[in-house]
Amino acid sequence: MSDERLVVDDGDFWTDPRRREDELVPRLLEEGFLGLRLDAPGRIDVEDADAMPLVGLFGATAQERQVHDLERDLVVVATRLESRQTWAALLHEPRRAPRGRPRSVAPAGSGRGMRMFAADARPRLPDLPWRPGTLALRLLLADKASNAARTVLGRGARPIEQDPAVQAFLAEHRQPAFPRPVWPLPDSPLPTFDPIDGSPEPPAEVGIVVALDRVNVVREGGPQVTCIARGSFRLPLSPRDLVRPEPPREADDDDAVHASAGAAAAVADDALPDWDPRVEREAERAERRAAEDEGLGLVWRDVGDPAARAVIPVTLVGTGVKRPDPLVVPLQVPIYADLDPARLPPTVTGHFALDLLRVPDGYKLLRQTTHLWAFSGDVVAGPFTTAVVAEAEVRRP
Amino acid sequence: MSTAVAKIKSVAADKDAKLELRVAGGKAGDPVTFTIYKVSDDSQLDTIDGTIQKGKAVATWTAKGPAPDAAARAWRVYYSAVVDGVTATSPEMEVYLPDVEVSSVGEDDAALADMRFELAVLEGKKKTKTVKGHTGSSGTFKVQNLPPGEVQVTWLAPARLIDWVEDTAGKKKARLKKSFTAELVFPPAGDHKQYVNLPATKDHPEWGNKLKVRMRVHPDDGPSRPGDEFFVKVEYPPEDQLSKRKVPARKLAGAKAQAWADLGTTVKVKAEGAEGTVELELGLAGGDQVTLKVGGTDTCEDAEVTITNWRKLFYVMQRNAGSVIHGMQRTADTLADVFVEYERHDEVTFTKADTPPSMAGSWVAGKEFGVATEQLVIGSHNRKWFREKFAKVAIPKDMKQCTIDLIVCDQQYDGVDGWSKPHKDTTTTKLTTDNGWSEAFDGELFPANLNDAKHPMTSGSWRCTAPKGKPGHGVKGTVTQEMITVDRSKETKKVHIDLTKAPKGDPASLVGDGTADKYPVEVTITVVFAKGPYLGESANEHQLIVLTAGADCFNDTVVHELGHNMRQAPSKGNKPPAALKLDDHPHKYEGHGHTGPHCAHNLDAVATHVWADDYSSKGPVATKATDEPDYDLLCDAAGDLVHGDCVMYGSGPSDDPSPSAGFCDDCKPYVLAKGLESVR
């Protein structure tokens, strides 16, 4: 399989993403391919398209297929390489199905199976800014991850950015974006961005490592800490990661101008009447855009940690074995080492430790085994597996 | 007797009138006696002395007119004089009363001050004089020096004439009402429902959040007159009985604090017979009330209406003509609690014969689902047909944003993907006997595909796995449809394979478990499958509701899906109106095994235990039920599954014996406050 594409060309994504199905599936089945593959359009014009079609292929043993339900379990992860932000969601919208106790399932045989599937990831990632940028797209299926498919979100058939002179000009004049505020803010004892007992050593090469207790017990009335993720990383450092003082005036690049307009619109939203649906929608769009601007680092914000010299985005995505709806923890990790802007090192090391049960939606880890993945730009690490059981469950007969 | 030519003229009573008669005899300075007669009966009215001057008998007469209490304002007179035995007679002359006393008294006959009137003098139909005045503090006003003619007195607003107490030549005394009685035209007095979410139209004044209140003078006092003034005031319930929604603000146009009302205004009539109108902004929140009172006086006691804000939504039901739809009174009752009416605009029924041949696979024999009647399966493979039918339903433009396409189906499965391609899956299965079940596919199979009614297998092959040198090594063949059976009563995601029916290669004779020189036969099959079953979906105005067995459940699902269209439960995506805070809803939630924003009201009260994922054991909830990740595993101490009691709770039981209690008290303020101008 290696790097073979799942489509003939990008046009297939818009007409028939599974065009190669009848050719690929028998061949790969014959070849014994097992695993998860993903393909995505090389470029999507954000002005013309409001969809992000993906096509995937899953080859597995019958036992694996019995465990994994592609409709229920697939998680799509999109990382914007410029800002290193990551978004994740179930690839298929959960549907209302009749509820009832599960039927007993006969054990699977020794066979295999393969399925090609297509889906539009755009509605599943509503917070993903639909703006020019480069995305690394992946699929997660519990402890399995697909290859990364790279998609460039572009604007217009012949964007001005493709003009070499413009590229050179932008390279020289464009101001780097700003780091987003540290999140979560350090507290005692957790969260912390200093190494603690059990923190792994940062990897020698670029990468992320996370140490988790394999089984955690939520103790009723006990200590607050219940499921600690201890992470360390070595990641590339870019100028946009550096903490800088608030600029005296607005940056004059296009994005910053947009950012300021979006923020102003968001403020004005408070004054708008909320009974006109058009006004309401416009206000929501402005609010969304302002939030995106902040997320993309287009608006200067105090990072909230005076000791931070840089802030590196690392997003943890946990998908459970029983309930795959992902837990997304968008860490903004402060780097405390002194950094000389004139002589930036290519990489920095950092640490984080936090109780995953205390982050928003942390309940998703309860009563199941979760495979945790870490993303930062092109870097992906995992799975790091943990399980959380309640003390009450331990006491069950 | 000489012939005299006299000029007919009118003179005002009590004024000097010059009398002249041309006479043939006499000499200048001779005295002459003039006699004045009434024309009506030739009776003598007066005599005066005159003289002869230049061949004329002349005299000055202080004219005597009718008495003020006479019926007629004027009388005709003539006069004559005898000179030298010859009688000269004048033409007729009119003497009229120039003054008219106008008086107003009330219903108690006491003087009524300051009543406005208009007095007109008519000559034929032509008005020769018009005087506007009022009766002053004494209730009486004398209009003087009027020209001759018929006098008409009209009482001006607000006075209303009851009767004339005195209507004589010189006295016009009227018994009056000081004001008129006001009457509500729209909304009529009493209780009124105003559907604030719909745009106001000429045909539907009961729609719209800006209510045009129309009032008129009661017919007994009517019609209205320019200057008539309606007094209007509004009274609201205490603040805690109104929605927190503030935009648009409840307001009576022009109303302010008055001496006679906390919030009142007046409306003047500009033209005769015209209605008075005033705009009342009701806001968009359901259940809000206002009482509006109107009157011809500032007591505003003539009529009142209590207006309650409702919202009206519509649906077009599409359904299989053979399906028996549950009654929807429960839906109506549940929605009435949040001041919503859900009105059936139209119904589209169809039979199998109405559906195109391409939908042949959508009609599935009941036995495939364990029921008696043929089932209509709706989903991605055919939903376009239903949506197109909905698009052809005539829906007035003003209702469009508030009309739901309610498609009722017997079963819901998706036969194709987002590119209208059937879902396919391929498995290889190793059989060790001449027949057996395949490995499970990724979805359910039907004897005929939902999307095209064809056999579910698109391709298949078999090969004997016997190693080299053993019988059957390298033997392979094609799996035909005759070898494949879908038996949903036993397996819904597998096919049964019968090697004995292979047309070629005789795999049945080769298959075995590796003993006796017989080896497993590997069968590779690609099938078309369907995703599902599902319990319904909502996509903009299109709702697909599965006709469940339980009427309550069906009704609750209808309300639940409509609740989503009403952007409930509140969430980051379902932003509540500005005056309500998202965090004030204590039981809103997303996730926990459910899709979308929902409400977990009462869950903590009823859930004490939680099942293990495989229902093999249960233990108490760790802290509280709403901290649990999977609400569908929550149960009570007896092990019975429990759920929240709000209709916006997220699970979708198809036959749950304990239906919802409607919108809970946490959700209600949000539902009431939400503007429902569009539910698409």
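Residues numbered from 1 in each chain as written. Chains lettered and ligands numbered in written order. Predicted model: local features only at pLDDT ≥ 70, side-chain atom pairs only at ≥ 80, totals over all residues. Heavy atoms only, no water.

1. Focus on the overall build of chain B
Turning to step 1, where the next piece is worked out: When helices and strands are counted, chain B shows 6 helices and 44 strands.
Turning to step 2, where the next piece is worked out: Seen through its C-alpha atoms, chain B measures out along the principal axes to roughly 175 × 55 × 35 Å.
Turning to step 3, where the next piece is worked out: Across the 680 residues that make up chain B, the buried fraction comes to 52%.
Turning to step 4, where the next piece is worked out: Considering only contacts within chain B whose residues lie at least 6 apart along the sequence, 68% involve residues at least 24 apart.
Turning to step 5, where the next piece is worked out: Of the roughly 30,000 Å² that chain B leaves accessible, carbon and sulfur atoms contribute 48%.
Turning to step 6, where the next piece is worked out: The positive charge centre, built from 83 side chains, and the negative charge centre, built from 97, are 8 Å apart in chain B. (Helix = DSSP H or I, 4+ residues; strand = E, 2+ residues; numbered from the N terminus. Buried < 20%, exposed > 50% of the residue type's maximum accessible area, 1.4 Å probe, protein only. Contact = heavy atoms within 4.5 Å. Areas by Shrake-Rupley, 256 points an atom, 1.4 Å probe, with all protein chains shown as cover. Lys, Arg positive; Asp, Glu negative; His and termini not counted. Charge placed at Lys NZ, Arg CZ, Asp CG, Glu CD.)

2. Observations concerning the pattern of salt bridges
Turning to step 1, where the next piece is worked out: In this structure the tally under the stated criterion is 74 salt bridges over all chains.
Turning to step 2, where the next piece is worked out: With a shortest N-O distance of 2.7 Å, Glu4 of chain A and Arg20 of chain A are connected by a salt bridge. Note that Glu4 of chain A is positioned in the segment before α1 (12–15) and Arg20 of chain A in the loop between α1 and α2 (21–31), a separation of 16 residues in sequence.
Turning to step 3, where the next piece is worked out: When its relative accessible area of 23% is taken as the criterion, Glu4 of chain A is described as partly exposed.
Turning to step 4, where the next piece is worked out: The exposure class of Arg20 of chain A is buried, given its relative accessible area of 11%.
Turning to step 5, where the next piece is worked out: One salt bridge in this structure joins Glu304 of chain B and Lys293 of chain B, with 3.9 Å as the shortest N-O distance. Highlighted residues: Glu304 of chain B in strand β25 (residues 303–320) and Lys293 of chain B in strand β24 (residues 289–295), separated in sequence by 11 residues.
Turning to step 6, where the next piece is worked out: Accessibility expressed as a relative area gives 18% for Lys293 of chain B, which makes it buried. (Salt bridge = Lys/Arg side-chain N within 4 Å of Asp/Glu carboxyl O.)

3. Considerations on the packing of helix α1 (residues 329–336) of chain B against helix α4 (residues 551–565) of chain B
All names here are of chain B.
Turning to step 1, where the next piece is worked out: Between α1 and α4, the least distance of the axes is 8 Å, while the angle of their chain directions is 45°. With respect to their mutual orientation, α1 and α4 come out oblique. α1 and α4 meet at a crossing whose hand is right-handed. Between α1, through Gln329, Arg330, Thr331, Thr334 and Leu335, and α4, the contact on the second element is made entirely by Asp552, Asn555, Asp556, Val558, Val559 and Leu562.
Turning to step 2, where the next piece is worked out: Among the residues making up the contact of α1 with α4, the classes are represented as 4 nonpolar, 4 polar and 3 charged. (Axes fitted to C-alpha atoms, helices over the stretch in contact; angles between N-to-C directions. Parallel < 35°, antiparallel > 145°, perpendicular 65-115°, else oblique. Left-handed = near helix turned anticlockwise from the far one by under 90°. Nonpolar A, V, L, I, M, F, W, Y, C, P; charged D, E, K, R; others polar.)

4. A look at the side chain of Arg124 of chain A
All names here are of chain A.
Turning to step 1, where the next piece is worked out: Considering the arrangement of structural elements, one finds Arg124 in the loop between β6 (112–120) and β7 (133–141).
Turning to step 2, where the next piece is worked out: Nearest to the buried, unbridged Arg124 among oppositely charged side chains is Glu93, at 4.9 Å.
Turning to step 3, where the next piece is worked out: Polar contacts involving the side chain of Arg124 include one to the main-chain carbonyl oxygen of Leu90, which spans 2.8 Å.
Turning to step 4, where the next piece is worked out: What Arg124 contacts, discounting residues up to four positions off in sequence, is Ala89, Leu90, Leu91, His92, Glu93 and Pro94. (Polar contact = N/O pair within 3.5 Å; in protein donor to acceptor, adjacent residues only side chain to side chain.)

5. A short note on the interface of chain B and chain A
Turning to step 1, where the next piece is worked out: In this assembly, 69 residues from chain B lie in contact with 59 residues from chain A.
Turning to step 2, where the next piece is worked out: At the junction of chain B and chain A, the tally comes to 10 salt bridges.
Turning to step 3, where the next piece is worked out: Residue Arg65 of chain A is joined to Asp425 of chain B by a salt bridge in which the shortest nitrogen-to-oxygen separation is 2.3 Å.
Turning to step 4, where the next piece is worked out: Run the count over chain B and chain A and you get 20 residue pairs in polar contact (both at pLDDT 80 or more).
Turning to step 5, where the next piece is worked out: Those elements that place two or more of their residues in the side of chain B that touches chain A are β31 (423–431), β37 (521–529), β38 (536–539), α4, β40 (588–591), β42 (609–611) and β43 (618–620) of chain B.
Turning to step 6, where the next piece is worked out: In terms of residue count, β31 of chain B provides more of the side of chain B that touches chain A than any other element does, 7 residues in total.
Turning to step 7, where the next piece is worked out: Of the residues contributing to the side of chain B that touches chain A, the split by class is 23 nonpolar, 20 polar and 26 charged.
Turning to step 8, where the next piece is worked out: Of the strand pairs in this sheet, β6 of chain A and β31 of chain B are connected by 3 bridges, and their pairing is antiparallel. In the sheet register, Gly113 of chain A faces β31 of chain B, and the bridge partner there is Thr427 of chain B. (Pairing = 2+ DSSP bridges.)

6. Observations regarding the sheet that holds strand β36 (residues 496–498) of chain B
Turning to step 1, where the next piece is worked out: On the basis of which strands lie adjacent, the open sheet formed by 3 strands has the order β32-β36-β35 (chain B) and antiparallel pairing. Each having just a single partner strand, β32 (435–437) and β35 (484–485) of chain B make up the two edges of the open sheet.

7. Quick look at helix α2 (residues 383–392) of chain B
All names here are of chain B.
Turning to step 1, where the next piece is worked out: Among the residues of α2, Trp385, Phe386 and Phe390 are the ones counted as buried. Within α2, the buried residues cover an arc of 140° as seen down the axis, which keeps them to one side. Away from its buried face by more than 90 degrees, α2 exposes Lys384, Ala391 and Lys392.
Turning to step 2, where the next piece is worked out: Among the structural elements, β25, β26 (340–350), β28 (375–378), β29 (403–409) and β39 (542–546) are those in contact with the buried residues of α2. (Arc of directions from axis to C-beta.)

8. Comments concerning the sheet that holds strand β1 (residues 35–39) of chain A
Turning to step 1, where the next piece is worked out: Reading across from one edge, β1(A)-β3(A)-β6(A)-β31(B)-β37(B)-β33(B)-β34(B) is the order of the 7 strands in this open sheet, with antiparallel pairing throughout. A strand with exactly one partner marks an edge of an open sheet, and here the two such strands are β1 of chain A together with β34 (476–478) of chain B. Each strand of the sheet is rotated relative to its neighbour by a mean of 15°, with strand direction disregarded.
Turning to step 2, where the next piece is worked out: Of the strand pairs in this sheet, strand β3 (residues 53–61) of chain A and β6 of chain A are connected by 9 bridges, and their pairing is antiparallel.

9. Here we look at the domain arrangement of chain A
All names here are of chain A.
Turning to step 1, where the next piece is worked out: Partitioning chain A into domains gives domain 1 (12–160), domain 2 (207–243 + 305–395) and domain 3 (254–295).
Turning to step 2, where the next piece is worked out: A C-alpha centroid distance of 24 Å is found between domain 1 and domain 2.
Turning to step 3, where the next piece is worked out: Remark: the boundary between domain 1 and domain 2 carries 2 salt bridges.
Turning to step 4, where the next piece is worked out: Summed over the shared surface of domain 1 and domain 2, the result is 6 residue pairs in polar contact (both at pLDDT 80 or more).
Turning to step 5, where the next piece is worked out: For the side of domain 1 that touches domain 2, the secondary-structure elements that each account for two or more residues are α4 (70–73), β4 (75–80), β5 (85–90), β7 and β8 (144–145).
Turning to step 6, where the next piece is worked out: Looking at the side of domain 1 that touches domain 2 element by element, the count peaks at 4 residues for β5.
Turning to step 7, where the next piece is worked out: Residues belonging to the side of domain 1 that touches domain 2 are distributed by class as follows: 10 nonpolar, 3 polar and 8 charged. (Domains from an automatic or database assignment.)

10. Observations concerning the side chain of Arg115 of chain A
Turning to step 1, where the next piece is worked out: Turning to its location among the elements, Arg115 of chain A is positioned in strand β6.
Turning to step 2, where the next piece is worked out: Given a relative accessible area of 3%, Arg115 of chain A falls into the buried group.
Turning to step 3, where the next piece is worked out: The residues contacting Arg115 of chain A, other than those within four sequence positions of it, are Gly56, Leu57, Phe58, Arg65, Leu70 and Glu71 of chain A together with His423, Lys424, Asp425, Asp442, Phe529 and Lys531 of chain B.

11. Quick look at unusual backbone geometry
Turning to step 1, where the next piece is worked out: At the junction of Leu190 of chain A and Pro191 of chain A, the peptide bond is cis and its omega measures out at 0° in the coordinates.
Turning to step 2, where the next piece is worked out: Looking at the secondary structure, you find Pro191 of chain A in the loop between α5 (164–173) and β10 (207–212).
Turning to step 3, where the next piece is worked out: Here His592 of chain B, not a glycine, exhibits a phi torsion of approximately 55°, which is positive.
Turning to step 4, where the next piece is worked out: Its location among the elements puts His592 of chain B in the loop between β40 and β41 (594–599).
Turning to step 5, where the next piece is worked out: Assessed through its relative accessible area of 7%, His592 of chain B is described here as buried.

12. What about the packing of aromatic side chains?
All names here are of chain A.
Turning to step 1, where the next piece is worked out: What the rule picks out here adds up to 21 aromatic pairs over all chains.
Turning to step 2, where the next piece is worked out: Between Phe233 and Phe352, the aromatic rings sit 6.5 Å apart at their centres with planes inclined by 25°, giving stacked as the arrangement. Here Phe233, found in strand β12 (residues 228–236), pairs with Phe352, found in strand β15 (residues 347–355); they are 119 residues apart in sequence, far enough to count as distant. The exposure classification of Phe233 matches that of Phe352, with both residues buried. (Phe/Tyr/Trp six-rings, centres within 6.5 Å; stacked < 30°, edge-to-face > 60°.)

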